[in-house]
Structure formats: C-alpha cells, structure tokens
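Understanding the architecture of this molecule
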Amino acid sequence: MSNGIGEAVVADIERFLRETNVSDFCKTPLDRLAREFVSTERAGEQVKELSRFVPIGPDTRVLEVGSGFGTFVYHCRVNNICDCHGLEPGQPPYDATLGIARRLLGDAGLDQSVIHEGIGEAMPFEDGSFDAVYSVSCLEHTQDPEAVLAEVVRVLKPNGVAVLNFPNYGSWWEGHYNTFILPHTPKALFKLQVRLMGRTTDFADTLQFITYGKLRRWLAPLADRVEIVSTGQEIWRERIDRLEFSEWNGLGTVKRAVRLVKRLKLDRLAVAAGSMLHWETPFVLVLRRRPHAEPSGSP
C-alpha cells in the first residue's frame, strides 16, 4: 500500500471487524473501514489536531491512550514526529488489536514494546511521564471515564497537555451507529431508535454516554491539578463555517446536513445555540497540567 502498511495488516483488521460483528451496528463496508483504520492520512490529521494545542518534536514524549490498531503510533515513529507510545488493553477482544498494533510496528522495524498493555483506569506509568497525551474514540469505551481522566492528568508532566477526542452525547450525532440523535437522548431511548433501524443494541450497552455536564463533574476534583483549555467548541465552529472536515466512517452524512443548514441560512443560529448548549461534536477536550500540581501517587 502507498502508506507503507501492508495488505496483510488490512486483512487482519477486516477479519477482526467481522469476528466482532461490527457490521451489526456500523453500516460502513468492512473493507473500507479497515483501510480507514490504517490510513496515514487520517493519522496525519490527528497529529495536526494534537499539535494545534501542544508543540511536538522528535523528543516530545507522547502517549496515545487507546491505540487500537497502532496507526497513530506507527505514523509518528516512522516519520520521527515524536517519541510516541501507545496503551491498549490486553483482554479480549482487545488482545487482538494489541497484537495487530505490535505486528504493524514490528513489520516496519520499529520497537513493538512502545505499545504497552494496560487500561486507562490504571496506567502502567510513573507520575509525570509524558509531555502530551492523545486519544481518539477511547473514553466512551472505558469502564470508568472519571478514573481515566484522573490517570491522564497523573501521567502528564507539569505544563503537559492532553487532547482527548470522543463523542458528545449532548449533540446531534452518534458516530458509532452513524445516525442523528436528539441531544441528551437517554440510552434506553437510543436503543429503541437503534432497534427501529434494524440494528443490534449490544454495542450501545458498552458505551458511556458522555455529556458536558458529566465532564464538568468528573473534572471538578482535578481542578487543583489541571486547567480545562477547551472542549472543542472552536473546532466545531470552524468546521461548520468552513466545512473542512473529513468524511471518515459516515461523516459525509454530517457534512451534507451542515450544507443544508447553511443553504437555509440557519448556520449562525445553530452555532449560537450550539455554543450555549454545548453541541460541539466530537468533544476535543484539552487539559493542561498545572505547573506546581502535587503528584497524585503512582499506580
């Protein structure tokens, strides 16, 4: 493949997606989805998102929480962008993604051990280990998001920055099922909507429905250690204004909806309402570790 990632890796990912019944809830064709997961173009966009909030270079120590198939870590290391490490659980079904991520690095002659086995609630790192922490579509899959946020803050160095990208269930879009929802839809009502769409609800049961209010509650105990820089509203406003966002995994539907809103000249109203009601989607939560915060204790 042109991005340097072999077809065998793509085949392994597609097999994993089939074995975990992803098509029961996500209607993006599995072969396309597998290639999106290994897209270095997508990884490049993620690097751009991270570097918007924190300068990174070859010596910047970065942790990706929820490395999935390892593409972000691979892209950063093969291009000498930063000293990137990954964290991925080792229990099923994530043992398979951990294995694929390590093979991806190994096939490129990179150190496989930089993909660490572990969970976000108890990261296997010392306090203040990283200059930056990055994550995409991970927090909603964790057992205890509040504990994960506390761990993210703990492993950051003083003045370190975390950029965490995850769905906002106070918005109008659910990205796993690629469907519009009413903001703050209760999970039980969402599952009814999913059934009416002819899809399984099993995956919905695994999701944390994170909203702005929940985030504020979870972050309140960390206020003496971390500053909330952003929840991604400025990025959301830019995307509506410029329509400059990719169409990965169903986001083409969102782009078409935004175009319609703009044609109806409702975009300013939508932005004003959304800014007040926190419709930004996804959340791009940016946290900065305070320079003199006391360590919270090693794992």
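The structure we're discussing is the one just above.
A few points on the structure. Being a predicted model, the structure only gives us computed values, none of them experimental.

Of regular secondary structure, the protein possesses 11 helices and nine strands. Computed over its C-alpha atoms, the radius of gyration of the protein comes to 19 Å, within 12% of the 19 Å expected for a compact globule of 299 residues. The C-alpha extent of the protein, read off along each of the three principal axes, is 50 × 45 × 35 Å. Across the 299 residues of the protein, 49% fall into the buried class. When contacts within the protein are restricted to residue pairs at least 6 apart in sequence, long-range pairs at least 24 apart make up 72% of them. Positive and negative side-chain charges in the protein, numbering 35 and 39 respectively, have mean positions lying 7 Å apart.

Our next topic: empty space enclosed by the protein. On inspection of all chains with the given rule, the structure shows one cavity of 30 Å³ or more. Empty space within the largest cavity amounts to approximately 50 Å³. What lines the largest cavity is simply Val 65, Ser 135, Cys 138, Leu 139, Val 148, Val 152 and Leu 164. Classifying every residue of the lining of the largest cavity by side-chain character gives six nonpolar, one polar and no charged.

Relative to the helices and strands, Glu 174 resides in strand 6 (residues 173–174). Despite its burial, Glu 174 pairs with no opposite charge, the nearest such side chain being Arg 199 at 7.1 Å. Side-chain polar atoms of Glu 174 contact the backbone nitrogen of His 176, separated by 3.0 Å. For Glu 174, the side chain forms a polar contact with the main-chain nitrogen of Tyr 177, separated by 2.6 Å. Here Glu 174 is in contact with Tyr 169, Thr 179, Ile 181, Phe 190 and Leu 207, once residues within four sequence places are set aside.

The next point concerns the nonpolar core. Formed by 49 residues in total, the largest nonpolar core has its most connected members in Ile 13, Leu 17, Leu 50 and Val 163. Those residues in contact with Val 163 that lie beyond four places of it in its chain are Glu 49, Leu 50, Phe 53, Val 133, Tyr 134, Ser 135, Val 284, Leu 285 and Val 286. Judged by nonpolar contacts, the second largest core, of 27 residues, contains Leu 156, Phe 166, Leu 215 and Phe 283.

Attention shifts here to a nonpolar patch on the surface. Side chains of Leu 260, Leu 264, Leu 266 and Leu 269 sit close together on the surface and give an oily, nonpolar patch of about 380 Å² of accessible area. For Leu 260, the location among the structural elements is in helix 10 (residues 251–263).

This part takes up the side chain of Ser 230. Relative to the assigned elements, Ser 230 resides in strand 8 (residues 226–230). Among the polar contacts made by the side chain of Ser 230, one reaches the side chain of Glu 234 at a distance of 2.8 Å. The residues touching Ser 230, leaving out its near neighbours within four places in the chain, are Val 284, Leu 285 and Val 286.

Contact pair helix 3 (residues 40–51) / helix 4 (residues 71–78): the axes reach a minimum separation of 9 Å and the direction vectors enclose 80 degrees. Here helix 4 runs roughly perpendicular to helix 3, going by the angle between their axes. Note on element contacts: helix 4 touches helix 3 through Thr 71, Phe 72, Tyr 74, His 75 and Cys 76, opposite Thr 40, Ala 43, Gly 44, Gln 46, Val 47 and Leu 50. Tallied by class, the residues present in the contact of helix 3 with helix 4 amount to six nonpolar, five polar and no charged.

In this section: the pairing of strand 9 (residues 283–289). Here strand 9 lies mainly inside the structure; six of its seven residues are buried. Note that strand 5 (residues 156–166) and strand 9 share six bridges and pair antiparallel. In the sheet register, Leu 164 faces strand 9, and the bridge partner there is Leu 285.

Inspection of every chain in the model, using the stated rule, returns 15 salt bridges. A salt bridge links Asp 12 to Arg 15; the nearest nitrogen and oxygen atoms lie 2.8 Å apart. One end of the pair is Asp 12 and the other is Arg 15, both in helix 1 (residues 7–19) and three residues apart, which spans about a single turn. Note on Arg 15: relative accessible area 40%, which makes it partly exposed. Of the charged contacts in the structure, one is a salt bridge between Asp 131 and Lys 157, with a shortest N-O distance of 3.3 Å. Taken together, the residues span a long stretch of sequence, with Asp 131 in strand 4 (residues 130–136) and Lys 157 in strand 5 at a distance of 26 residues.

Basis of the calculations
- Residues numbered from 1 in each chain as written.
- Predicted model: local features only at pLDDT ≥ 70, side-chain atom pairs only at ≥ 80, totals over all residues.
- Heavy atoms only, no water.
- Helix = DSSP H or I, 4+ residues; strand = E, 2+ residues; numbered from the N terminus.
- Rg over C-alpha atoms; globule rule 2.2 N^0.38 Å.
- Buried < 20%, exposed > 50% of the residue type's maximum accessible area, 1.4 Å probe, protein only.
- Contact = heavy atoms within 4.5 Å.
- Lys, Arg positive; Asp, Glu negative; His and termini not counted.
- Charge placed at Lys NZ, Arg CZ, Asp CG, Glu CD.
- 1 Å grid on protein atoms, 1.4 Å probe; cavity = no way out; pocket = protein on both sides within 12 Å on 5 of 7 lines; lining within 4 Å.
- Points joined across faces, edges and corners; volume = space filled by probe spheres on them.
- Nonpolar A, V, L, I, M, F, W, Y, C, P; charged D, E, K, R; others polar.
- Salt bridge = Lys/Arg side-chain N within 4 Å of Asp/Glu carboxyl O.
- Polar contact = N/O pair within 3.5 Å; in protein donor to acceptor, adjacent residues only side chain to side chain.
- Core = buried A, V, L, I, M, F, W, Y, C linked by side-chain atoms within 4.5 Å.
- Patch = residues over 30% accessible without salt bridge, like charges linked within 9 Å, V, L, I, M, F, W, Y side chains within 5 Å.
- Areas by Shrake-Rupley, 256 points an atom, 1.4 Å probe, with all protein chains shown as cover.
- Axes fitted to C-alpha atoms, helices over the stretch in contact; angles between N-to-C directions.
- Parallel < 35°, antiparallel > 145°, perpendicular 65-115°, else oblique.
- Pairing = 2+ DSSP bridges.

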